[in-house]
Amino acid sequence: MKSILSIILFVLSAIYSEASNHKANSDSLAGNQIDNYSINQVLILNAGYIGDFAGNMMGGKSKGTVFLGMANIDLSFATQNIGLWRGGELYFNGAATHGQSPTEKLTGDFQVISNIDAGGDYVFIQEFWYKQSFNKFDLTLGLQDMNASFVSSDNSGMFINSSFGIASVISANVPTSIFPLTTLGIIGKFSLSESIDFGFAVFDGKPTSFSENKYNASWKLKKEDGVLFISEMNYSRNSTNGVSCYKVGFYYHTGYSEKDYETEQMAVVFAENYGFYLLTDHTLVRHNKRSIGIFSQLAYSPPSINTHHLYIGLGTNIKGLFKQKPDVEIGTAIAFADFKNQTNHSHETIFELYCNIPFFGNFYIQPDIQYVLNPLGTDMDLNNALAGILRFGFSI
């Protein structure tokens, strides 16, 4: 951890020094003129916090309430802004999570009702990468969140349930570089035309748990962890209402092994795993500050290799319903996770309804209701759960 932090501090101090030198040179030449290489332009700093008051009102594992939260700080700079080459960007994102898991303590669901649920109190590096942009090609190397570049939907982004961020068929069946545990990876993206992009990536096949890698600062590539490949084709089309977007992707994991502590031998967890996904986003109406968007998600993996083999997500969000509060957004969606050979139920289905209310530009509250039909996150036969979440967040 000390070595990683030393590298980060060295890089930031070098940026600061370089920017200060540029500013000093500019001031000596141009008096009080504003320099293009000021500190504010060189270093971009963002910070924010999200908190969830979560409660279960019926069914699930137990009734009750918990609180969980996540703080983030990210830094980025462009090489061009300190007089170096064009197209380079270095990015760092650190996170701190705390509180209890509503899925583990209350609802017992499979799909995880809060997308900031890290399962405990942790301080860790979420992302630390370098990107080089060329004319029609970007290459990114380092610690990366796969979901920031793949399997993401614009219109599902405000929903709190984790499945609307990334399909559970992917996140539950293969070790994946997503929040809270990310891995080293290489991402390449091509712009084939004004409307078509193609992306591909290779990731370390197994994130190391916090018990072995407390701050996610020790990155080791092991043969037994395997490799995760993913590719995605993205087609977008502009219309009078907005943008329609279609994404189709394929992922393949080579398989990984873990140590069996009873036999002291390496045991194969799975030999290989793969699947497909399709995402769509559409803006149906856009007029002044009013908009209506819809999205769909489909992910499939052969039932011969995965018990959870099918995921379907559908939803819509509406903005501008209230004239006095045009920025208020309301959304509703359904997440369907299908299972093969399940003893109690063949599916878990979640219905979500939220209302996002922004204040003062950088603060919001978001009441959220989720009804969990057939919670399947445990070995118990649980009754349907009704969960409520009051989310708040701010950024600086």
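Just so you know, these numbers come straight off a predicted model, no measurement behind them.

K.L.:
Is there a simple way to think about the environment of Ser101 in this case?
P.N.:
Take Ser101: it is sitting in the loop between β3 (88-99) and α3 (102-107). You can call Ser101 buried: its relative accessible area is 7%. Note: C-alpha distance between Ser101 and Ile116 (15 residues apart in sequence) is 9.2 Å. Setting aside its immediate chain neighbours within four residues, Ser101 contacts Val66, Leu106 and Asp117. Side chain to side chain, Ser101 and Asp117 meet in a polar contact 2.5 Å long.

K.L.:
How do you make sense of the pairing of strand β12 (residues 273-287) when you look at a structure like this?
P.N.:
Side chains on a regular strand alternate between the two faces of the sheet. Two elements, strand β9 (residues 243-253) and β12, share nine bridges in a ladder whose sense is antiparallel. Residue pairing across strands places Tyr251 opposite Gly275, the latter belonging to β12.

K.L.:
Sorry, what's going on with the confidence of the model for the chain here?
P.N.:
As a note on interpretation, predicted positions should not be read in detail where pLDDT is low. With 90% of its residues at a pLDDT of at least 70, the chain reaches an overall mean of 89. Within the model, the stretch residues 1-39 combines pLDDT values under 50 with 37 contacts to residues more than four positions away or in other chains.

K.L.:
How should I be thinking about the packing of aromatic side chains in this particular structure?
P.N.:
Two measures describe an aromatic ring pair: the distance that separates the ring centres and the angle between the ring planes. Applying the stated rule across the entire model yields 25 aromatic pairs. Arranged with centres 5.9 Å apart and planes meeting at 40°, the rings of Tyr49 and Phe392 form a pair that is tilted. You can see Tyr49 sitting in strand β1 (residues 44-58) and its partner Phe392 sitting in strand β18 (residues 385-395), a full 343 residues away along the chain. Seen in terms of ring centroids, Phe359 and Phe360 are 6.2 Å apart; in terms of plane orientation they differ by 40°. Their pairing is tilted. The exposure class assigned to Phe359 is partly exposed, which follows from its relative accessible area of 26%. For Phe360, a relative accessible area of 76% gives the class exposed. In this structure an aromatic cluster arises from ring pairing among Tyr49, Phe53, Phe67, Phe392 and Phe394. Seen from the ring of Phe150, Lys189 lies directly overhead, with NZ or CZ sitting 5.3 Å from the centre.

K.L.:
Help me understand the pattern of salt bridges, please; the structure alone is not making it clear to me.
P.N.:
Side-chain pairs of opposite charge can arise whenever the charged atoms involved come near each other. Under the defined criterion, the tally for this structure stands at three salt bridges. Between Arg391 and Asp52 there is a salt bridge, with the nearest N and O atoms lying 2.7 Å from each other. Taken together, the positions of Arg391 in strand β18 and Asp52 in strand β1 put the pair 339 residues apart, joining distant regions of the chain. The burial state of Arg391 is the same as that of Asp52; both residues are buried. Between Lys206 and Glu258 there is a salt bridge, with its nearest N and O atoms 3.8 Å apart.

K.L.:
Could you clarify how one ought to interpret a nonpolar patch on the surface in this entry?
P.N.:
On the surface, a nonpolar cluster with roughly 640 Å² of combined accessible area is contributed by Phe190, Leu192, Met233, Val248, Leu278, Leu298, Ile312 and Leu314. Mapped onto the elements of the fold, Leu278 is located in strand β12.

Cut-offs and rules
- Residues numbered from 1 in each chain as written.
- Predicted model: local features only at pLDDT ≥ 70, side-chain atom pairs only at ≥ 80, totals over all residues.
- Heavy atoms only, no water.
- Helix = DSSP H or I, 4+ residues; strand = E, 2+ residues; numbered from the N terminus.
- Buried < 20%, exposed > 50% of the residue type's maximum accessible area, 1.4 Å probe, protein only.
- Contact = heavy atoms within 4.5 Å.
- Polar contact = N/O pair within 3.5 Å; in protein donor to acceptor, adjacent residues only side chain to side chain.
- Pairing = 2+ DSSP bridges.
- pLDDT = per-residue confidence, 0-100.
- Phe/Tyr/Trp six-rings, centres within 6.5 Å; stacked < 30°, edge-to-face > 60°.
- Lys NZ or Arg CZ within 6 Å of the ring centre and 35° of its normal.
- Salt bridge = Lys/Arg side-chain N within 4 Å of Asp/Glu carboxyl O.
- Patch = residues over 30% accessible without salt bridge, like charges linked within 9 Å, V, L, I, M, F, W, Y side chains within 5 Å.
- Areas by Shrake-Rupley, 256 points an atom, 1.4 Å probe, with all protein chains shown as cover.

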